[in-house]
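Spelled out, the chains give:
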Amino acid sequence: MKFLMFALITTALLSNPATSQESHSMDDMKDMKDMKDMEDMEEKKEEGMEEKGMEGMEGMKEKADRSNKGGRHGGDIAGISNSLGYISDMGFTSIWLNPLLENDMEIYSYHGYSTTDFYSVDPRFGSNSEYRQMADEARVKGLKLIMDMIVNHCGSFHWWADDLPYKDWYNQWPEYTGTNHQKTIMQDPYGSTYDKKKFTDGWFVPTMPDLNQRNPQMAKYLIQNSIWWVEYLALSGIRMDTYPYPDENFMADWTKAMMIEYPTLNIVGEEWNENPVIVSYWQAGKDNANGYKSDLKSVMDFPVNMALIKALNEEESWGTGINKLYEMMAMDFLYPDPMNLVTFPDNHDMSRIWALLNHDFDLWKIAITHVMTNRGIPQLYYGTEILTDSPAYRDDGAVRSDFPGGWERDTINAYNGQGLTAQQLEAQAYIKKLLHWRQSATAIHNGQLKHFLPENGVYVYFRYNEDQTIMIVINKGETQKLILSRFEEIIKTFNIAKNIMTGKKVELAKSLELADRSVNVYELINR
């Protein structure tokens, strides 16, 4: 079954409960003893953290200030636990949280990507035991947990920074050197060693030291840490941040180690690039020209995300508009397993989809419906269901704004609908109905996909298996009739199309009436 993902503090993903299915050889025993020693050490650390209580939180460098959109606002694990009922009731089946580990940085520490302790939850969010309790409560409500991990970098105030275990613990340069962010360098047959080194060893920012995974002890530390958290939280999945930036051979070792230990665990890597050639490089089973082998099950489908936004915003013509989406979907032959890609309308690093579509509710419905009915694993960023807004340009503080109703004095409460506009309530109900329908739609979970060339701004595709056939019709154009004869290879003997949102049934005769700027999802049935 494909699971629905909800990004709470930032985003979401999937898989089955993590259980080790592998026996360990004698050569593995020392590593397992190291793991046990690390776990014992962590239990003692956690006990100490619990004893500190408020004192530990008061000692943190950055305090909560809701007036600062780029600062900490006081959200915590308890608040997430209190929201689990809402998330489950909406129809989501898993949650992906931004990193909750300690980020004791002076400013801009809320996002969690500047880790200062890889084994401790940030006390401003709660404790390790509260994190585990929240994970347990989520599972009771049918919600799986995906953990956001980072192995590329840490925060400059990490506790080891004052006395690094090895001189090459970090990737060091004579002077500060930032990464060039040029993803193509990893596959460029003519690329220079210097450019590749700058990409992988360059730092993101001066406050995020770049970790050297070529150091064997660093590599072991990071792998063991990931295994420890899977065991501690019984994770169902991992979202790996900045996947292409660490040493690529280490990433192959890391994913292989995780897959050997947890064959049913799903891992998605963030490769933020609109070129599917670049993104597909990292998925397991890819036959790369340079011989690189990966065990990464899934990648974030940025190419389709970017194509979808362009397709909905552009005027319809040859090569523009909805054709952009069709053309990008046709590139799926590049992926070993396109059905396991993670699809999304937006995320924590982008402007909100509501802003990107210029607050056009019809286009918003098309975008959400495509994400929910396309192949792959859909992920929605928190607040998408209530049309949360942001500037059209990147503004992280605005994009990651508070979910209304999470604080006592909030005048708007998205949990119970208080203060939401009629349009926001409609959007929330739309997503909820679509999600609940999707949970039992087997053709969406494991069915094949067939699409047809767009004509007159109309894009039609089908999801189908032996038990179910779903027809999705996107009309970006005017009110028009859709002639059905060219879809005969899929429609076959079906004579009724049931609209899954309205329940209305229409006959599959010669044509379908399409409203302008609309999207419809039909289940094909017989009388």
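The structure this text deals with has already been given above.
The rules behind the values
- Residues numbered from 1 in each chain as written.
- Predicted model: local features only at pLDDT ≥ 70, side-chain atom pairs only at ≥ 80, totals over all residues.
- Heavy atoms only, no water.
- Buried < 20%, exposed > 50% of the residue type's maximum accessible area, 1.4 Å probe, protein only.
- Helix = DSSP H or I, 4+ residues; strand = E, 2+ residues; numbered from the N terminus.
- Pairing = 2+ DSSP bridges.
- Axes fitted to C-alpha atoms, helices over the stretch in contact; angles between N-to-C directions.
- Parallel < 35°, antiparallel > 145°, perpendicular 65-115°, else oblique.
- Contact = heavy atoms within 4.5 Å.
- Nonpolar A, V, L, I, M, F, W, Y, C, P; charged D, E, K, R; others polar.
- Phe/Tyr/Trp six-rings, centres within 6.5 Å; stacked < 30°, edge-to-face > 60°.
- Salt bridge = Lys/Arg side-chain N within 4 Å of Asp/Glu carboxyl O.
- Polar contact = N/O pair within 3.5 Å; in protein donor to acceptor, adjacent residues only side chain to side chain.
- Expected span 1.5 Å × (residues − 1).
- Bend = angle between axes of the 7 residues up to and from the residue.

A. Structural view of the pairing of strand β14 (residues 480-483). Residues Gln480 and Leu482 point to one face of β14 and are all buried, whereas Lys481 and Ile483, pointing to the other face, are not buried. Summarising the sheet, β14 and strand β17 (residues 511-514) pair through four bridges and their orientation is antiparallel. By the bridge assignment, Ile483 is partnered in β17 with Ser511.

B. Spotlight on unusual backbone geometry. For Tyr108, which is not a glycine, the phi torsion comes out positive at approximately 55°. Structurally, the position occupied by Tyr108 is in the loop between β3 (101-102) and β4 (117-121). Residue Tyr108 is classed as partly exposed on the basis of its relative accessible area of 34%. Residues other than glycine seldom take positive phi values, yet Asn358 does so here, at roughly 55°. Relative to the helices and strands, Asn358 resides in the loop between α11 (353-356) and α12 (361-373). Its relative accessible area of 58% is what places Asn358 among the exposed residues.

C. Here's a closer look at the packing of helix α3 (residues 77-90) against helix α14 (residues 422-439). Viewed as axis vectors pointing N to C, α3 and α14 meet at an angle of 70°, and their least axial separation amounts to 8 Å. Here α3 lies roughly perpendicular to α14, going by the angle between them. Only Gln428, Ile431, Lys432, Leu435 and His436 of α14 make contact with α3, whose side of the interface consists of Tyr86, Ser88, Asp89 and Met90. Here the contact of α3 with α14 is built from residues that sort into four nonpolar, three polar and two charged.

D. View of the pairing of strand β12 (residues 458-464). Of all the seven residues making up β12, seven are buried; the element is thus mostly covered by neighbouring parts of the structure. With burial as the criterion, each face of β12 is covered, one bearing Val458, Val460, Phe462 and Tyr464 and the other bearing Tyr459, Tyr461 and Arg463. Two strands pair when backbone bridges link them, and strand β11 (residues 448-455) and β12 are joined in this way by six bridges, in the antiparallel orientation. The partner of Lys450 across the bridge, within β12, is Phe462. In this antiparallel pair of consecutive strands, β11 and β12, the connection spans two residues, and Asn456 shows a positive phi of 55°. Pairing geometry for β12 and strand β13 (residues 469-475), over seven bridges, is antiparallel. Bridge pairing in β13 places Tyr461 opposite Ile472. Taking the residues that link successive antiparallel strands as the turn, the β12-β13 hairpin has four residues.

E. The arrangement of the sheet that holds β11 in detail. Strand order across the open sheet formed by six strands is β11-β12-β13-β18-β15-β16, with antiparallel pairing between neighbours. Across the chains shown, the open sheet's two edge strands, defined by having one partner strand only, are β11 and β16 (505-507). Within this sheet the neighbouring strands show an average axis-to-axis angle of 25°, counted without direction. Across four bridges, the pairing between strand β15 (residues 496-499) and strand β18 (residues 518-525) is antiparallel. Looking at the pairing, Asn499 lines up with Tyr522 of β18. Helix α10 (residues 322-329) rests against β11, β12 and β13 of the sheet, and its axis sits at about 145° to β11. Against the sheet, α12 makes contact with β12, β13 and β18, and its axis sits at roughly 35° relative to β18, the strand it touches most.

F. The packing of aromatic side chains, seen in detail. Within the structure shown, the criterion is met by 36 aromatic pairs. Taking 5.4 Å as the distance between ring centres and 90° as the angle between the ring planes, the aromatic pair formed by Tyr108 and Tyr110 counts as edge-to-face. Here Tyr170 and Trp203 contribute two aromatic rings whose centre-to-centre distance is 6.3 Å and whose plane-to-plane angle is 85°, an arrangement assigned as edge-to-face. Here Tyr170, found in the loop between β5 (144-149) and α5 (193-201), pairs with Trp203, found in the loop between α5 and α6 (216-233); they are 33 residues apart in sequence, far enough to count as distant.

G. Representation of the packing of helix α4 (residues 128-140) against α6 within the structure. Contact geometry for α4 and α6: axes closest at 9 Å, N-to-C directions at 55°. It follows from the interaxial angle that α4 and α6 lie oblique. Mapping the contact onto sequence places Asn128, Ser129, Tyr131, Arg132, Ala135 and Arg139 in α4 and Trp228, Trp229, Tyr232 and Leu233 in α6.

H. Local environment of the pattern of salt bridges. What the rule picks out here adds up to 32 salt bridges. Notably, a salt bridge pairs Asp402 with Arg66, separated by 2.9 Å at the nearest N-O pair. Linking Asp402 in the loop between α13 (396-399) and α14 with Arg66 in the loop between α2 (54-58) and α3, this pair joins segments that are 336 residues apart in sequence. Judged by relative accessible area, Arg66 falls into the partly exposed class, the value being 38%. For the salt bridge of Asp122 with Arg124, the shortest nitrogen-to-oxygen distance reads 2.7 Å. An identical accessibility class is assigned to Asp122 and Arg124; each is buried. Residues joined in a network through salt bridges with shared partners are Asp148, Arg239, Asp241 and Glu270.

I. Fine view of the environment of Leu100. Tracing the chain through its elements places Leu100 in the loop between β2 (94-97) and β3. Here Leu100 falls in the buried class, since its relative accessible area comes to 2%.

J. Seen up close, the side chain of His451. Among the structural elements, His451 can be located in strand β11. Within the structure, the side chain of His451 is placed 2.7 Å from the side chain of Tyr459, a separation counted as a polar contact. When near neighbours in sequence (up to four residues on either side) are disregarded, His451 contacts Tyr326, Met329, Ala330, Tyr459, Val460 and Tyr461.

K. Spotlight on α3. Here α3 contains 14 residues, and its C-alpha end-to-end distance of 20 Å stays within 8% of the 20 Å for a straight helix at 1.5 Å per residue. When the local axis directions of α3 are compared, the greatest deviation, roughly 40°, occurs at Ser83. For α3, the complete set of buried residues consists of Ile77, Ile80, Ser81, Ser83, Leu84, Tyr86, Ile87 and Met90. Once α3 ends, the next one or two residues include Gly91, with phi positive near 115°.

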